[in-house]
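Spelled out from the first residue to the last, the chains are:
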Amino acid sequence: AQSVTQLDSQVPVFEEAPVELRCNYSSSVSVYLFWYVQYPNQGLQLLLKYLSGSTLVKGINGFEAEFNKSQTSFHLRKPSVHISDTAEYFCAVTVHYNTDKLIFGTGTRLQVFP
Amino acid sequence: DVKVTQSSRYLVKRTGEKVFLECVQDMDHENMFWYRQDPGLGLRLIYFSYDVKMKEKGDIPEGYSVSREKKERFSLILESASTNQTSMYLCASTISEGFEAFFGQGTRLTVV
């Protein structure tokens, strides 16, 4: 069965600093990978996704992620964060050609300080 | 815009009550999901459905059941609510694997 690990429960960072949120997955077959963001008191929305092709994926709000098959990772990065990026970020995985089961990690709370 | 609508934002129920959480999507999506969200535990999958009348257990199905009689509606049922089911419940839908999941605003359920 597939699983997702987000090792960092909280990441504090100053405004305009770079940030990386880590995500590792476990699956014996090919997967689709996603990052979602949840702003305070709101639902989740998609930041970006990897289906196939280029391993570097660009998403909304200046975020990008790199798929690394050998390390089974899909880390999220942003070169310069803003206060408005303060939110909870979730990594998620779906297995190819399965029953579309969508599994999430435990989330990483990004807190950006002025 | 895809809309996933959950019937209640806040719900308070007593221990032992039967509770129904309703979710409706308006984009003819095949897949629908129920998650619960708890601090430090992220989103845990309770049940999902990939077609009408079809369902599969997620990671934490105990104490819950689901119903999908129509494509647009997916109901989560707590047969006998308990205090450890106090949580935020999120419904989501996708058209197929690899496609974006759309989420409802969530139902914060408190069982007293």
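Check the entry above for the structure.
Residues numbered from 1 in each chain as written. Chains lettered and ligands numbered in written order. Predicted model: local features only at pLDDT ≥ 70, side-chain atom pairs only at ≥ 80, totals over all residues. Heavy atoms only, no water.

Colleague: What is the right way to read the interface of chain A and chain B from this model?
Modeller: In many analyses, interface size is given as the accessible surface area lost on bringing the parts together. Counting residues at the interface gives 25 residues for chain A, matched by 25 residues for chain B. In this assembly, chain A packs against chain B so that about 1800 Å² is buried in total across both faces, 53% of it on carbon and sulfur atoms. At the boundary of chain A and chain B, one finds zero salt bridges. Contributing elements (two or more residues each) for the side of chain A that touches chain B: strand 5 (31-38), strand 6 (44-50), strand 10 (87-95) and strand 11 (102-104) of chain A. At four residues, the largest contribution of residues to the side of chain A that touches chain B is made by strand 5 of chain A. (Contact = heavy atoms within 4.5 Å. Buried area = accessible area lost by both parts, 1.4 Å probe. Salt bridge = Lys/Arg side-chain N within 4 Å of Asp/Glu carboxyl O. Helix = DSSP H or I, 4+ residues; strand = E, 2+ residues; numbered from the N terminus.)

Colleague: Explanation requested: the environment of Gly106(B) in the structure shown.
Modeller: Residue and element names in this part refer to chain B. Its place among the elements puts glycine 106 in the loop between strand 10 (102-103) and strand 11 (107-111). Sequence separation of glycine 106 and aspartate 28 is 78 residues, and the distance between their C-alpha atoms is 20 Å. Each residue touching glycine 106, except ones within four places of it in the same chain, is listed here: Gln6, Ser8, Arg9, Met88, Tyr89 and Leu90.

Colleague: Looking at this structure, how should I read the side chain of Gln6(A)?
Modeller: Residues and elements named next belong to chain A. Checked against the element boundaries, glutamine 6 lands in the loop between strand 1 (3-5) and strand 2 (10-14). Within the structure, the side chain of glutamine 6 is placed 3.0 Å from the backbone oxygen of tyrosine 89, a separation counted as a polar contact. At 3.1 Å, the side chain of glutamine 6 and the backbone nitrogen of glycine 107 are in polar contact. Ignoring sequence-local partners within four residues, the contact set of glutamine 6 consists of Arg22, Trp35, Tyr89, Phe90, Cys91, Gly105, Thr106, Gly107 and Thr108. (Polar contact = N/O pair within 3.5 Å; in protein donor to acceptor, adjacent residues only side chain to side chain.)

Colleague: For this particular structure, what's the right way to read the environment of Val19(A)?
Modeller: All names here are of chain A. Inspection of the secondary structure assignment puts valine 19 in strand 3 (residues 19-21). Given the relative accessible area of 8%, valine 19 is considered buried. Note: C-alpha distance between valine 19 and serine 80 (61 residues apart in sequence) is 7.3 Å. In this view, valine 19 contacts Val11, Leu76, Arg77, Lys78, Val81 and Leu110; residues no more than four positions away in its chain are not counted. (Buried < 20%, exposed > 50% of the residue type's maximum accessible area, 1.4 Å probe, protein only.)

Colleague: Mind showing me how you'd approach the nonpolar core here?
Modeller: A general tendency of soluble globular proteins is for nonpolar side chains to be buried together. Trp35(A), Leu48(A), Leu76(A), Tyr89(A), Phe104(A), Tyr35(B) and Phe103(B) are the most contacted members of the largest nonpolar core, which totals 49 residues. Residue contacts for Tyr35(B): discarding those within four places in its chain leaves Leu102(A), Phe104(A), Leu43(B), Arg44(B), Leu45(B), Ile46(B), Met88(B), Tyr89(B), Leu90(B), Ala92(B) and Phe103(B). Counting 20 residues, the second-largest nonpolar core is a separate cluster that includes Leu11(B), Leu21(B), Leu78(B) and Tyr89(B). (Core = buried A, V, L, I, M, F, W, Y, C linked by side-chain atoms within 4.5 Å.)

Colleague: So what exactly am I meant to see when it comes to the pattern of salt bridges here?
Modeller: For side chains bearing opposite charge, pairing can occur when the charged atoms are close. Across all of its chains, the model carries 13 salt bridges over all chains by this definition. One salt bridge connects Asp85(A) with Lys78(A), and the closest N-O pair in it is separated by 2.8 Å. Judged by its relative accessible area of 3%, Asp85(A) is buried. Here Lys53(B) and Glu69(B) are joined by a salt bridge, their closest N and O atoms 2.4 Å apart. Linking Lys53(B) in the loop between strand 5 (42-51) and strand 6 (54-57) with Glu69(B) in strand 7 (residues 64-70), this pair joins segments that are 16 residues apart in sequence. Neither residue differs from the other here; Lys53(B) and Glu69(B) are each classed as exposed. Connected through shared salt-bridge partners, Glu20(A), Glu66(A) and Arg77(A) make up one network.

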